[in-house]
Amino acid sequence: MAAAGLRAFGTKGPGWLRRSPWAPLSAGFCSRGPAGAGRPELGPRLTSARQRDGIRNIVLSDPKKRNALSLAMLKSLQSDILHEAESRDLKVIIISAEGPVFSSGHDLKELTDERSPDYHAEVFQTCSEVMMLIQNHPVPVIAMVNGLATAAGCQLVASCDIAVASDTSSFATPGVNLGLFCSTPAVALGRAVPRKVALEMLFTGEPISAQEALQHGLLSKVVPEEQLEEETMRIAGKIASLSRPVVALGKATFYRQLPQDLRTAYHLTSQTMVDNVALKDGQEGIKAFIQKRKPIWSQ
């Protein structure tokens, strides 16, 4: 199960869009990711998060630095994703950003030789853990992108289960132009788009438009900027109205079967269907359909 995978990452952390009346998550916690576990968070929190009606919106909140995925930003994001991850009140997560840049990727000032190789290793390890955490999380994670997403920022979009973007957004892995090939972003990008598309982006560093990203599978949907929040919330609201145990089981199994051969994939998913039928919400959904009524989910 996906929830079990979370336990390997540590626990807790929080804080949505400032104009929203949603209740903020509890404060006063520290990031506790595996890299630097137990250490206090580095500087001020660079994300905010609020939750309402089962939907948690995590906002990258460092627009002056183009929402760079510094170590502090990564730890803050990790903390917000992990916060009460197994709570039945959490049904879906949205990751969005303040300003015209969704995320410019790693903070290059952290990658100079003024920092030690151990520090550089911690940056990339923490980033990898955040990306894997998104896939291993029991609830769906949606990227709501309005603007530019480059390098590890593009990696973050590719790592999310669903990605909705405004029609003015663009995506790139430009590290090669700076002498730093986007090898870790390539992991998520290469699993989201066809190989030749990924390699052209990685070899040239040139951006692709939102429509191109949609065409190649990096995005789920592209909408006008003024409709971005409404459409993302529509998708999130639909997911939040469903059974959390059923969705969590389905998400975990989807990712488990992907790398398998066809026979193994069907064996795995057939057993999952049996497990799903045995769930309380599995039986509730079936009976509600037969009785022509709306199901009442346990979670």
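Thresholds, definitions, all that
- Residues numbered from 1 in each chain as written.
- Predicted model: local features only at pLDDT ≥ 70, side-chain atom pairs only at ≥ 80, totals over all residues.
- Heavy atoms only, no water.
- UniProt positions renumbered as here; feature names shortened; annotations may be inferred.
- Helix = DSSP H or I, 4+ residues; strand = E, 2+ residues; numbered from the N terminus.
- Areas by Shrake-Rupley, 256 points an atom, 1.4 Å probe, with all protein chains shown as cover.
- Buried < 20%, exposed > 50% of the residue type's maximum accessible area, 1.4 Å probe, protein only.
- Lys, Arg positive; Asp, Glu negative; His and termini not counted.
- Salt bridge = Lys/Arg side-chain N within 4 Å of Asp/Glu carboxyl O.
- Polar contact = N/O pair within 3.5 Å; in protein donor to acceptor, adjacent residues only side chain to side chain.
- Contact = heavy atoms within 4.5 Å.
- 1 Å grid on protein atoms, 1.4 Å probe; cavity = no way out; pocket = protein on both sides within 12 Å on 5 of 7 lines; lining within 4 Å.
- Points joined across faces, edges and corners; volume = space filled by probe spheres on them.
- Nonpolar A, V, L, I, M, F, W, Y, C, P; charged D, E, K, R; others polar.
- Phe/Tyr/Trp six-rings, centres within 6.5 Å; stacked < 30°, edge-to-face > 60°.
- Axes fitted to C-alpha atoms, helices over the stretch in contact; angles between N-to-C directions.
- Parallel < 35°, antiparallel > 145°, perpendicular 65-115°, else oblique.
- pLDDT = per-residue confidence, 0-100.

An unreviewed UniProt entry lists the protein chain under the name Enoyl-CoA hydratase domain-containing protein 3, mitochondrial, with Callorhinus ursinus given as the organism. The heading Sequence similarities (unreviewed entry) in the UniProt record of the protein chain holds the text "Belongs to the enoyl-CoA hydratase/isomerase family." If you open the UniProt record of the protein chain and go to Subcellular location (unreviewed entry), you find "Mitochondrion".

## Brief notes about the overall build of the protein chain
Helix and strand counts for the protein chain come out as 11 helices and 11 strands. Surface accessibility of the protein chain: about 14700 Å² in total, with carbon and sulfur atoms responsible for 56%.

## With respect to the side chain of Asp-281
Within the secondary structure, Asp-281 is located in helix H11 (residues 280-290). For the buried Asp-281, no salt bridge exists, and the shortest N-O distance to an oppositely charged side chain is 6.4 Å, to Lys-280. A polar contact is formed between the side chain of Asp-281 and the side chain of Ser-243, at a distance of 2.5 Å. When neighbours within four sequence positions are excluded, Asp-281 is seen to be in contact with Ser-243, Pro-245, Val-246, Trp-297, Ser-298 and Gln-299.

## Observations concerning empty space enclosed by the protein
When its volume is computed, the largest cavity comes out at roughly 30 Å³. Partitioned by chemical class, the residues of the lining of the largest cavity number five nonpolar, one polar and two charged.

## Quick word on the pattern of salt bridges
If you walk through the whole model with that rule in mind, you get six salt bridges. As a salt-bridge pair, Lys-221 and Glu-231 come within 3.0 Å of each other at their nearest N and O atoms. You can see Lys-221 sitting in strand S11 (residues 221-223) and its partner Glu-231 sitting in helix H8 (residues 228-240), a full 10 residues away along the chain. What makes Lys-221 partly exposed here is its relative accessible area of 31%. A residue is classified by how much of its surface remains accessible, and Glu-231, at 14% relative accessible area, is buried. Connected through salt bridges with shared partners, the residues Lys-221, Glu-231 and Arg-234 form a single ionic network.

## Digging into unusual backbone geometry
In this structure, Asp-53 takes a positive phi of about 55 degrees despite not being glycine. Assignment of secondary structure puts Asp-53 in the loop between strand S2 (47-52) and strand S3 (55-60). Of note in the backbone geometry, Glu-84 takes a positive phi value of approximately 45 degrees without being a glycine.

## Let's talk about the packing of aromatic side chains
Throughout the structure, instances matching the rule amount to two aromatic pairs. Centroid distance Phe-181 to Phe-203: 6.1 Å. Interplanar angle 50 degrees. Geometry classified as tilted. Here Phe-203 lies in helix H6 (residues 195-204) and Phe-181 lies in the loop between strand S9 (170-172) and helix H5 (183-192), a separation of 22 residues in the sequence. The class of Phe-181 is partly exposed, set by a relative accessible area of 36%. Relative accessible area serves as the criterion here: at 55%, Phe-203 is assigned to the exposed category.

## Points about the packing of helix H9 (residues 244-257) against helix H10 (residues 262-278)
At a minimum axis distance of 10 Å, the contact between H9 and H10 shows a crossing angle of 170 degrees. If you check the angle between H9 and H10, you find them roughly antiparallel. Together, Val-246, Leu-249, Thr-253, Arg-256 and Gln-257 of H9 and Ala-265, Leu-268, Thr-269, Thr-272, Asp-275 and Asn-276 of H10 make up the contact between the two elements. Of the residues belonging to the contact of H9 with H10, the class tally is four nonpolar, five polar and two charged.

## Here's the deal with the confidence of the model for the protein chain
Of the residues in the protein chain, 85% have a pLDDT of 70 or more, and the chain-wide mean is 89. Of the regions scoring below 50 in pLDDT, residues 26-42 engages in 40 contacts with residues more than four places distant in sequence or in other chains.

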